[in-house]
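What follows is the residue order along each chain.
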Amino acid sequence: MTRGFWTIEGIVCRSVDFQWTRERFFSGIFVVLKNSWLKTTKVASISNFAAFKCFPIKFPVKISQNLHLSMANPLQNSVIDDSGIPRLPVNTESIKYNDWNIQYTKSHILKSICTNENKCKLEEPNCCELCFYNFSLELPSLPDMVFPRNALVLTHTGGAVLQFNAMDALKRVSSGRLDLKVAFADEWKETRPAECTEVKTKPFDWTFSTDYQGSANEKLRSEPTELKIDVTKLMKREAIMFYQDITLFEDELHDNGIAVSSVKIRVMPSGFFILLRYFLRVDNVMVKIVDTRFHLEAGLKYILKEFTFREAKVDELAHLPPSLLINPSDLEKHVPVKQQTREKLTFCE
């Protein structure tokens, strides 16, 4: 058994256990493919696949004679994680827009196990990311996928900073009980003894609902306003100088729906627009859309911010086709607004 970092015709694989046999098989590797699972047992060549997404192969894959396999040093841009395993490079980019520096970072999901054998302490510098999140958050459980290094940061030359990250989003999740049951809860209860169903709620908000509205420093002064974001200006056709869609966390609610927090940014010659969204769908029960929009118009010394909270039971949306319930962008206009606030964020020169 040989352990190492491998590349296959320039396609990056993570550190793997490779077993030499007469047939030569991989076991438990990760391969970068284009939007597809590698489900065949014989591979002629994968040189035509574009690097797009990373998927796990959960069964042995036979390597043909046409597939070049070579031992390689870790890529110069790869990331060494807490356990010393090279990962795919961190994806980061920045752009200068007038007096603003806009930068995003994307990286891997949070590990599910402690890399220090559960001996981490918060104050120690070698505390792993998982333990840091567990120590910092008052939650008994984390979402299925947390992206601890994903972030969007906007920095003004005057010192104002507006950023979006998973940690701050999860800090807004309630650690109290949530009286919300999945659609089949009553049916499940009828099939169980009474002593097994006394606790009707989970000990925390298992939907990870958050009203996170971004993180700003003291240089960004906030005040209520009656000004509205001009949607007609945002609908005008103009060049897109910069665009990113960044996921902060996501959970499938044990196959009972979806909860996802994400932030999108679009930079145009006329300004920039940010949409921070938390979307929740509990199948056959309810939907929730929590949006925070930010709009800066070129030449102005303030950012307009709009917070909107929408919620509805699925019964109230019975007239809609089921396919609409999975797309928050199409769904939002059908979900009633429960709360809305507007703010003016002024930044200092």
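Refer to the preceding data block for the structure.
Residues numbered from 1 in each chain as written. Predicted model: local features only at pLDDT ≥ 70, side-chain atom pairs only at ≥ 80, totals over all residues. Heavy atoms only, no water.

J.: For this particular structure, what's the right way to read the packing of aromatic side chains?
T.: Two aromatic rings are characterised by how far apart their centres lie and by the angle between their planes. Applying the stated criterion across every chain yields a total of six aromatic pairs. Ring centres of Trp-100 and Phe-347 lie 5.1 Å apart, and the angle between their planes is 80°; this geometry places the pair in the edge-to-face category. Here Trp-100 is found in strand E14 (residues 100–106), whereas its partner Phe-347 is found in strand E25 (residues 337–347), with 247 residues between them in sequence. Pair check on accessibility: Trp-100 and Phe-347 agree, each one buried. On the basis of an interplanar angle of 50° and a centroid distance of 6.0 Å, the ring pair of Tyr-104 and Phe-242 is categorised as tilted. In this pair, Tyr-104 is assigned in strand E14 and Phe-242 in strand E20 (residues 242–251), connecting sequence segments 138 residues apart. Just as Tyr-104 is buried, Phe-242 falls in that class too. Aromatic ring contacts, followed pair by pair, group Tyr-97, Trp-100, Phe-272 and Phe-347 into a single cluster. (Phe/Tyr/Trp six-rings, centres within 6.5 Å; stacked < 30°, edge-to-face > 60°. Helix = DSSP H or I, 4+ residues; strand = E, 2+ residues; numbered from the N terminus. Buried < 20%, exposed > 50% of the residue type's maximum accessible area, 1.4 Å probe, protein only.)

J.: What is the right way to look at the sheet that holds strand E19 (residues 220–224) in this model?
T.: Working definition: the strands of a sheet are paired by backbone hydrogen bonds and lie parallel or antiparallel to each other. Across the sheet, eight strands lie side by side as E15-E20-E21-E22-E23-E24-E25-E19; this open sheet has antiparallel pairing. One side of each edge strand has no neighbouring strand; the edge strands of this open sheet are strand E15 (145–146) and E19. Strand direction decides the pairing type here: strand E22 (residues 271–282) and strand E23 (residues 286–297), joined by 12 bridges, are antiparallel. Bridging from a neighbouring strand, Tyr-278 pairs with Val-290 of E23. (Pairing = 2+ DSSP bridges.)

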